[in-house]
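An overview of the molecular structure
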Amino acid sequence: MANMNSDSRHLGTSEVDHERDPGPMNIQFEPSDLRSKRPFCIEPTNIVNVNHVIQRVSDHASAMNKRIHYYSRLTTPADKALIAPDHVVPAPEECYVYSPLGSAYKLQSYTEGYGKNTSLVTIFMIWNTMMGTSILSIPWGIKQAGFTTGMCVIILMGLLTLYCCYRVVKSRTMMFSLDTTSWEYPDVCRHYFGSFGQWSSLLFSLVSLIGAMIVYWVLMSNFLFNTGKFIFSTVSVLYLIFLVTFKAVRLGFHLEFHWFIPTEFFVPEIRFQFPQLTGVLTLAFFIHNCIITLLKNNKKQENNVRDLCIAYMLVTLTYLYIGVLVFASFPSPPLSKDCIEQNFLDNFPSSDTLSFIARIFLLFQMMTVYPLLGYLARVQLLGHIFGDIYPSIFHVLILNLIIVGAGVIMACFYPNIGGIIRYSGAACGLAFVFIYPSLIYIISLHQEERLTWPK
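Reading the values: the criteria
Residues numbered from 1 in each chain as written. Predicted model: local features only at pLDDT ≥ 70, side-chain atom pairs only at ≥ 80, totals over all residues. Heavy atoms only, no water. UniProt positions renumbered as here; feature names shortened; annotations may be inferred. Helix = DSSP H or I, 4+ residues; strand = E, 2+ residues; numbered from the N terminus. Phe/Tyr/Trp six-rings, centres within 6.5 Å; stacked < 30°, edge-to-face > 60°. Buried < 20%, exposed > 50% of the residue type's maximum accessible area, 1.4 Å probe, protein only. Lys NZ or Arg CZ within 6 Å of the ring centre and 35° of its normal. Salt bridge = Lys/Arg side-chain N within 4 Å of Asp/Glu carboxyl O. Expected span 1.5 Å × (residues − 1). Arc of directions from axis to C-beta. Contact = heavy atoms within 4.5 Å. Axes fitted to C-alpha atoms, helices over the stretch in contact; angles between N-to-C directions. Parallel < 35°, antiparallel > 145°, perpendicular 65-115°, else oblique. Left-handed = near helix turned anticlockwise from the far one by under 90°. Nonpolar A, V, L, I, M, F, W, Y, C, P; charged D, E, K, R; others polar.

The next thing to look at is the UniProt feature "transmembrane region" (unreviewed entry) in the chain. UniProt feature "transmembrane region" (unreviewed entry): in the numbering of this structure it lies at residues 120-140, 147-169, 199-219, 231-253, 307-328, 356-377, 389-417 and 423-445. Between the C-alpha atoms that bound residues 120-140 there is a distance of 31 Å. The span itself is 67% helix and 0% strand. Between the end C-alpha atoms of residues 147-169 the distance is 33 Å, and the span holds 100% helix and 0% strand.

Here the structure, examined in full by the defined rule, presents eleven aromatic pairs. An angle of 10° between the planes, with centres 5.3 Å apart, marks the rings of Phe147 and Phe327 as stacked. Judged by relative accessible area, Phe147 falls into the buried class, the value being 8%. In this structure an aromatic cluster arises from ring pairing among Tyr239, Phe242, Phe246 and Phe361. One Lys or Arg, Arg167, reaches over the ring of Tyr441 and ends 3.6 Å from the middle of that ring. One cation-aromatic arrangement involves Lys337 over Phe327; the distance from NZ or CZ to the ring centre is 5.0 Å.

Attention now goes to the pattern of salt bridges. Pairing is possible between side chains of opposite charge, provided their charged atoms come close. Evaluation of the coordinates by the stated rule reveals four salt bridges. A salt bridge links Asp352 to Lys247; its shortest N-O distance comes to 2.7 Å. With Asp352 in the loop between helix 10 (304-329) and helix 11 (353-386) and Lys247 in helix 7 (residues 237-251), this residue pair connects regions lying 105 residues apart in the sequence. Among the ionic pairs, Arg306 bridges to Asp307, the shortest N-O distance being 3.0 Å. Given a relative accessible area of 45%, Arg306 falls into the partly exposed group.

Under the 1.5 Å per step criterion, the end-to-end length of helix 3 (residues 119-130) is 17 Å for twelve residues, consistent within 8% with the ideal 16 Å. Residues of helix 3 that are buried include every one of Ser119, Thr122, Ile123, Ile126, Trp127 and Met130, and no others. Projected down its long axis, helix 3 shows its buried positions confined to an angular sector of 135°, all on one face. Those residues of helix 3 hidden inside the fold are in contact with helix 7, helix 8 (274-284), helix 9 (291-296) and helix 10.

Our focus in this paragraph is the packing of helix 5 (residues 147-171) against helix 13 (residues 417-447). Put simply, helix 5 and helix 13 touch, their axes get as near as 9 Å, and they point 45° apart. Classified by the angle their axes make, helix 5 and helix 13 are oblique. Every pair of crossing elements has a handedness; the one defined by helix 5 and helix 13 is left-handed. When helix 5 is examined against helix 13, the residues Met157, Leu160, Thr161, Tyr163, Cys164, Arg167, Val168 and Ser171 are found in contact with a partner set consisting of Val433, Phe434, Pro437, Ile440 and Tyr441. A per-class count over the contact of helix 5 with helix 13 returns ten nonpolar, two polar and one charged.

Take the packing of helix 4 (residues 138-145) against helix 5 next. Two elements in contact, helix 4 and helix 5, have axes separated by 6 Å at closest approach and are oriented at 120°. Considered as vectors, helix 4 and helix 5 are oriented oblique to each other. The handedness of the crossing between helix 4 and helix 5 comes out as right-handed. From helix 4, Ile138, Ile142 and Ala145 reach across to helix 5, where they touch Phe147, Thr149, Gly150 and Ile154. Residue composition of the contact of helix 4 with helix 5, by class: five nonpolar, two polar and no charged.

The structure is reproduced here in structure tokens:
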């Protein structure tokens with residue numbers, strides 16, 4: 001206790017009076033994550049706010065930051081044993097975010113809930129995160145399952161994955177004796193299943209990431225090829241919705257209902273290939289590895305379940321809208337419904353202006369998202385194996401060559417995004433979406449002596 005007063009001094013010592021209002025260039029952060037966000041290890045350097053008030057980091061502050069940084073590397077973020085006590089961590093209004101260039105910005109002081117996302121923002125963040133390349137294969141999946149069966153499968157898979165996602169969200173709250181505010185889903189798996197749960201959840205998360213990167217590479221190759229055929233018009237889901245709506249209005253609906261027997265131009269309503277659609281939809285509805293992080297930033301935590309349900313409803317309606325319109329408006333005759341491609345944009349000629357613009361939008365979107373997926377894969381894999389997300393340039397180079405090489409090989413020899421999506425979706429969904437959330441719920445009920453057989 002004798003050192004508490006000296007340790008509780010502010011980490012920054014100012015040469016002039018502190019400014020209470022840092023102006024528009026402020027940085028906000030989540031109050032519940034305060035204990036998990038530690039100052040960076042820094043050398044004495046200038047701290048700059050928008051009013052250009054020069055402040056210096058004292059030698060004491062620099063040493064303190066180095067100690068905190070050192071202890072934080074000795075254990076996982078979920079382990080509270082080596083977290084610095086409150087009295088050595090500065091108050092929120094005295095924290096800074098340091099840039100590698102030597103400057104830093106003061107964090108804005110906050111009140112509870114300030115700086116978090118509203119429910120509307122949270123809903124559309126979840127919707128936008130799930131809206132990936134799988135949307136291009138939904139019409140093909142409906143063709144494989146049959147029109148009626150396909151619509152039923154989309155609705156049922158949406159409900160099933162929503163329930164499993166709900167169980168993921170609730171998994172942290174079922175450990176009453178532990179502080180799980182900073183936990184992510186792999187931490188929950190590690191708690192219940194040990195190192196096997198941690199590493200297996202990492203494996204299946206990497207399967208979904210690398211599977212998505214392979215699909216992106218195949219699609220980028222495809223879009224570049226088709227773009228090269230048509231130079232005169234230079235991805236978002238909204239544009240795809242507009243494109244599909246416009247084409248459906250022009251082409252009209254072409255439907256005939258035959259329940260089990262196919263005809264020359266139409267497929268039956270019930271087909272035994274419907275599991276292919278379930279694999280695609282597992283990845284299409286997959287957000288389980290990051291849903292806890294997204295909902296942490298919801299301003300009203302009591303609305304998490306409601307917002308999650310609304311987001312899943314919007315995603316389900318979007319998939320139904322795209323899939324039904326493309327399938328129903330596909331011109332049969334003269335073409336058979338079996339001609340619907342795994343990427344429905346391939347059914348449009350390269351000279352079609354609207355589909356060309358869609359390919360351009362999707363190409364640029366994937367070119368920006370692909371490096372991010374690579375970074376996430378590197379952080380998860382190298383961080384767990386070596387304890388460092390950048391152990392050396394050699395390690396990063398080898399990992400990038402493996403990932404890009406897998407994409408090139410698949411683009412050359414198996415450029416079928418529907419197959420890639422359904423296999424990777426089935427693999428990651430087996431554990432991450434279905435098994436782990438259900439097992440964790442059963443184990444927690446058993447530990448609380450509330451597990452009973454159905455009557």
